[in-house]
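Observations on the three-dimensional arrangement
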Amino acid sequence: MLDEPDRILINLLQVNVRASYQELADAIGMSVSTVRRRVERLLETGALKLVAVPDWPKLGITFGAFLAISVDLPRLRSVGNELAKMEETCWVAITTGSYDMFAQVMLPTNGDFVRFVTQRVAPIEGIRNIQTFMIPEYVKSFEEYRLPTTPNPLYMRGGNGNYAFSEELVAL
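Throughout, a residue's number is its position along its own chain's written sequence, starting from 1. pLDDT decides what is reported in this predicted model: residues at 70 or higher carry local features, side-chain atom pairs at 80 or more are listed and counted, and totals for whole chains, interfaces and linings draw on all residues regardless. Values reported for side chains reflect all heavy atoms of the structure, with hydrogen atoms and water molecules removed beforehand.

1. Points about the pattern of salt bridges
By definition here, a salt bridge exists when the distance from a side-chain nitrogen of Lys or Arg to a carboxyl oxygen of Asp or Glu is within 4 Å. All chains considered together, the criterion is met by seven salt bridges. For arginine 41, the salt bridge identified is with aspartate 6, shortest N-O distance 3.0 Å. Placement of arginine 41 in helix α3 (residues 32–44) and of aspartate 6 in helix α1 (residues 4–15) is noted, with a sequence separation of 35 residues between them. In this scheme, a residue with accessible area under 20% of its type's maximum is buried, one over 50% is exposed, and one in between is partly exposed, where area comes from a 1.4 Å probe on protein chains only. Judged by relative accessible area, aspartate 6 falls into the buried class, the value being 2%. Residue lysine 58 pairs with aspartate 55 through a salt bridge whose shortest N-O separation is 3.6 Å. Secondary structure is summarised from DSSP: a helix means a run of H or I of at least four residues, a strand means a run of E of at least two, and numbering begins at the N terminus for each.

2. Things to note about helix α5 (residues 110–121)
Compared with the 16 Å implied by 1.5 Å per residue over 12 residues, the 15 Å span of α5 between its first and last C-alpha is a close match. Every buried residue of α5 is listed here: Phe113, Phe116, Val117 and Val121. Angular distribution of buried residues about the axis of α5 spans 90°; they occupy a single face of the element. In α5, those exposed residues whose orientation departs by more than 90 degrees from the buried face are Arg115 and Gln119. Residues of α5 that are buried sit in contact with β1 (63–71), α4 (76–85), β2 (89–94), β3 (101–107) and β4 (127–135). Each residue after the first adds 1.5 Å to the expected span of a helix. In this description, one arc is meant: the one made by directions from the helix axis to the C-beta atoms. Contact criterion: two residues are considered in contact whenever any of their non-hydrogen atoms come within 4.5 Å of each other.

3. Structural notes on the pairing of β1
Most of β1 sits out of view: eight of its nine residues are buried. One bridge is not enough; two strands pair if DSSP finds at least two bridges between them. The pairing of β1 with β3 spans seven bridges and is classified as antiparallel. Across the sheet, phenylalanine 63 pairs through a bridge with leucine 107, a residue of β3.

4. Details of the sheet that holds β1
The strand order across the open sheet built from four strands is β2-β3-β1-β4, with neighbouring strands paired in antiparallel fashion. Every other strand in the sheet has two partners, leaving β2 and β4 as the edge strands with one partner each. Sheet twist, expressed as the average angle between the axes of neighbouring strands with direction ignored, equals 20°. This element, α4, spans β1, β2, β3 and β4 of the sheet and lies at about 170° to β2. Here α5 sits on the sheet in contact with β1, β2, β3 and β4, set at roughly 25° to β1. Here, axes are lines fitted to C-alpha atoms. For helices the fit covers the stretch in contact, and angles between N-to-C directions go from 0 to 180 degrees.

As structure tokens, then:
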């Protein structure tokens, strides 16, 4: 479980992944060695990953879309693994609901997308149906998400496992 200093460190690194341990320590009011240990622990446990996020249009990749995919359930993981191997996919997720899987893809153009879906995705054994959703504009992208520095009381549970706040309080 993350404590408040860990959440603050993650939030600060989300804003500036290149911040030095000294800058982080100054911002959070801890020693540099404490900050270094906390960040290294977050990295070692996999709670935090530091990655580069491309600015797609600046790289000439201007077409984004979601694929909603229906799959023969015995082939669910193999279809997901095949999609995940493709360099065009940003992420692949097994889902519940009307579709079994969603994927986000990024390609240079609309024409490239048509070729990708018809020549690379459609032939994968186990896919029954594909519905596509073009992304004309992002309102908020995943790299803009910031981990809240304190947990939202709406989602906190008491010692008995029940939510700490009643629905009547939440509605106020």
